[in-house]
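The residues making up each chain are set out below.
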Amino acid sequence: MFDKPLTVYNWKDYTLPHPDGYIELKTPDIGDVPVRLFLTPKLLEEVEQDVYKQIVNATRFPGVKLVAITPDVHVGYGVPVGSVILTDDTVAMGPVGYDIGCGMISARSAVEAEKATPKKRLEFNRAVMELVEMGAGGHSRTKLRYISETEFNKLVRGGADYYITKYGASFDRSRAERNRIPVDDNWQIPWGGRGRPERGLTQLGSLGGGNHFMELQRCVETDTLFVQIHTGSRGFGHGLATNYFELARSDKPGKVKHLDLGYFTPDSPNHRSYINAVAAGGNFAILNRLILFEQVATAFKQVFNAELELIYEISHNLVQKEWHPEFGEGWVHRKGATRAFPAGHPGLKGTKWENTGHPILIPGSNKDFSFILKPLEGAHKSGYSVNHGAGRRLSRGAAKQKLHQPKVNEEYRKAGIIVNDNGNIPLDESEACYKPAEEVVNAVVQAGLAEVQYRLLPLASLKGLD
DNA sequence: ATGTGC
């Protein structure tokens with residue numbers, strides 16, 4: 001299924017603009033599966049050659065009905081980061097990714113942006129760094145570092161509902177995507193194995209490394225201070241993903257040659273089990289964002305003496321059962337892709353977003369715009385999804401090699417953006433590593449998927465170091 | 001992404 005050799009190399013010659021605002025890809029390698037590229041011609045030109053093989057992979061899981069590619073697409077494990085895969089009943093791990101439930105939280109304040117003087121920005125960063133554990137391998141600095149396995153189980157099953165009942169909530173969470181993804185009572189966490197999800201036991205309430213961040217921003221439209229957080233399920237989600245990749249391999253001996261392309265059809269008991277794992281990993285990520293937000297709000301209060309109000313909280317790495325007007329009920333895998341339900345979508349029924357659509361949170365680099373978008377009716381074209389960020393354009397290795405530390409430090413200093421507290425900008429996460437966010441967001445606006453509501457500019461950024 | 005082995 002996945003080892004059929006590719007017949008096409010110059011794949012970009014097999015694209016044609018569709019009147020609905022996306023680019024259609026049709027090659028013998030992808031057969032009849034509709035593949036829609038939500039890219040401008042310029043962004044398409046910049047897409048790496050290796051992405052093609054991964055798009056073909058995406059079409060080859062059993063029962064795939066649609067593959068949508070978002071404008072921030074780049075190479076991932078098995079399938080691209082920035083892909084949306086609709087299947088009938090197959091569920092797959094690669095199309096969710098290792099950081100199960102990874103996503104964004106965004107909040108606003110009534111504080112005028114000018115109150116964030118350079119001194120206050122540094123003060124904010126120091127206050128956050130005092131409270132929040134950042135970086136790869138970090139353990140929570142909250143009391144949740146010391147919870148029992150029993151309590152951990154209750155948390156990843158009960159999500160924010162359980163957390164709020166047990167520990168109380170310092171803010172109104174009713175504006176989040178959800179508090180909890182249901183987990184079956186009989187599902188057990190697959191402790192141990194190669195993945196060792198138990199790594200997550202001490203990590204609830206820690207940022208992590210890589211592209212995870214916390215940021216103080218100025219909203220261009222309101223000229224007030226906003227805050228944004230990007231984090232996921234840490235070692236727990238990573239461990240779950242690893243163990244289910246292994247299970248997929250033992251499920252179908254010899255058939256799954258590429259570990260990254262494992263999947264489960266409903267005839268496997270692991271099918272339901274993996275859906276539960278995604279729910280538990282998703283709940284961990286929801287909790288992680290909730291706890292970090294409480295800490296950031298505490299720091300914000302200390303420095304600006306004001307409250308933060310949630311705008312939205314949403315994951316961009318999940319598989320969920322959804323309805324689609326063209327493809328019916330099915331599993332929607334989003335890997336580095338943000339859900340975009342417009343007004344009237346049945347998935348919003350009974351929520352406060354029913355008549356408006358829910359906010360879409362899209363971060364740019366820490367020296368570029370971030371965006372909050374509003375989904376439009378046309379979002380069905382992409383399986384109700386848009387990009388999840390600007391998209392990497394320079395590898396970490398290349399960034400460390402090519403970029404000059406003093407020069408980058410100077411650029412950020414001139415822009416008045418403080419990263420952490422020592423003036424040294426992490427090169428592999430700096431502006432040059434990412435595509436211009438505006439260009440990427442324009443691609444989804446032009447395709448009629450969403451419209452821009454707020455533009456946010458970074459003032460102070462917090463990054464965990466690898 | 002993770003945090004360890006290449």
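Sequence order as written defines the numbering, with residues in each chain counted from 1. The lettering of chains begins at A and the numbering of ligands begins at 1, in the order of writing. Where local features are concerned, this predicted model is filtered to residues with pLDDT of at least 70; where side-chain atom pairs are given and counted, the filter is 80 or more; whole-chain, interface and lining totals use all residues. Each side-chain value is derived from all of the structure's non-hydrogen atoms; neither hydrogens nor water enter the calculation.

**A short note on the layout of surface pockets**
- Counted as a void, the largest pocket has a volume near 1400 Å³.
- Points on a 1 Å grid, built from protein atoms alone, make a cavity when a 1.4 Å probe fits but cannot get out and make a pocket when they are open with protein on both sides within 12 Å along at least 5 of 7 lines; residues with an atom within 4 Å of a point are the lining residues. In terms of lining residues, the largest pocket is bounded by 48 residues, among which Asp99, Gly210, Asn211, His212 and Arg396 are the most central.
- For the lining of the largest pocket, the elements supplying multiple residues, two or more each, are strand 4 (64-74), strand 8 (213-219), helix 5 (234-251) and strand 19 (450-463).
- Top element by residues in the lining of the largest pocket is helix 5. It accounts for three residues.
- Basically, the charged four are Asp, Glu, Lys and Arg, the nonpolar ten are Ala, Val, Leu, Ile, Met, Phe, Trp, Tyr, Cys and Pro, and anything else, Gly included, counts as polar. In terms of residue class, the lining of the largest pocket is made up of 11 nonpolar, 25 polar and 12 charged. Grid points are joined across faces, edges and corners, and a volume is the space filled by probe spheres set on the points. Helix and strand assignments come from DSSP, with helices taken as H or I runs of at least 4 residues and strands as E runs of at least 2, each series counted from the N terminus.

**Comments concerning the UniProt feature "binding site: Mn(2+) 1" (unreviewed entry) in chain A**
- UniProt positions are given in the numbering used here, feature names are shortened, and annotations may be inferred rather than shown by experiment. UniProt's feature table lists "binding site: Mn(2+) 1" (unreviewed entry) at Asp99 and His212, given in the numbering used throughout. Over a stretch of 114 residues, the named residues converge on one spot in the fold, their C-alpha atoms separated by at most 11.0 Å. Those annotated residues from the list above that line the largest pocket are Asp99 and His212.
- With sequence-adjacent residues up to four places away left out, aspartate 99 is seen in contact with His212, Gly232, Ser233, Arg234 and Asn317.
- Its place among the elements puts histidine 212 in the loop between helix 4 (149-167) and strand 8. Residues are treated as being in contact if the distance between any of their heavy atoms lies within 4.5 Å.

**Focus on the pairing of strand 5 (residues 81-87)**
- Within strand 5, seven of the seven residues are buried, which leaves the element mostly enclosed by the surrounding structure.
- The pairing criterion is simple: DSSP has to find at least two bridges between the two strands. The pairing of strand 4 with strand 5 spans six bridges and is antiparallel. For isoleucine 69, the partnering residue across the bridge sits in strand 5 and is serine 83.
- In sequence, strand 4 turns back onto strand 5 through a hairpin of six residues, with glycine 78 there showing a positive phi of about 80°.
- As judged from the five bridges shared by strand 5 and strand 13 (residues 328-335), these two strands associate in the antiparallel manner. When the bridges of strand 13 are listed, valine 84 appears paired with arginine 334. Exposure categories follow from relative accessible area, calculated using a 1.4 Å probe and restricted to protein chains: below 20% of the type maximum is buried, above 50% is exposed, and the middle band is partly exposed.

**As for the nonpolar core**
- Put simply, a nonpolar core is a bunch of buried Ala, Val, Leu, Ile, Met, Phe, Trp, Tyr and Cys residues held in one set by side-chain atoms that sit within 4.5 Å of each other. Counting residues in each nonpolar core, the largest one holds 73 residues, and the members touching the most others are Phe124, Met214, Leu216, Tyr274 and Phe300.
- By residue number, the principal contributor to this core is helix 6 (residues 269-304), which donates 19 residues.
- Apart from residues no more than four positions distant in its own chain, phenylalanine 300 is found in contact with Ser109, Val111, Phe124, Leu216, Leu225, Val227, Asn305, Ala306, Glu307 and Leu308.

**Digging into the sheet that holds strand 3 (residues 35-37)**
- Strands sit in the order 1-2-3-4-5-13-12 across an open sheet of seven strands; the sheet is mixed. The sheet is open, and its two edges are formed by strand 1 (15-17) and strand 12 (317-324), each paired on a single side. In this sheet, adjacent strand axes meet at a mean angle of 25° when their direction is disregarded.
- Pairing geometry for strand 1 and strand 2 (residues 23-25), over three bridges, is antiparallel. When the sheet's bridge partners are listed, threonine 15 is paired in strand 2 with leucine 25. Fitted lines through C-alpha atoms serve as axes, helices being fitted only where they are in contact, and the angles separating the N-to-C directions of these axes extend from 0 to 180 degrees.

**Here's the deal with helix 6**
- Between the first and last C-alpha of helix 6 there are 52 Å, a value that for 36 residues agrees with the 52 Å anticipated at 1.5 Å per step.
- Within helix 6, 31 of the 36 residues are buried, leaving the element largely enclosed by the surrounding structure.
- Where helix 6 begins, one side-chain oxygen reaches toward the backbone nitrogen of asparagine 270, 2.9 Å away; that side chain belongs to serine 268.
- Backbone geometry just downstream of helix 6 places asparagine 305 in the positive-phi region, at approximately 50°. To estimate how far a helix should reach, multiply one less than its number of residues by 1.5 Å. Any pair of nitrogen or oxygen atoms within 3.5 Å is treated as a polar contact; in protein, a donor-acceptor pairing is required on top of that, and neighbouring residues in sequence qualify only through side-chain atoms on both sides.

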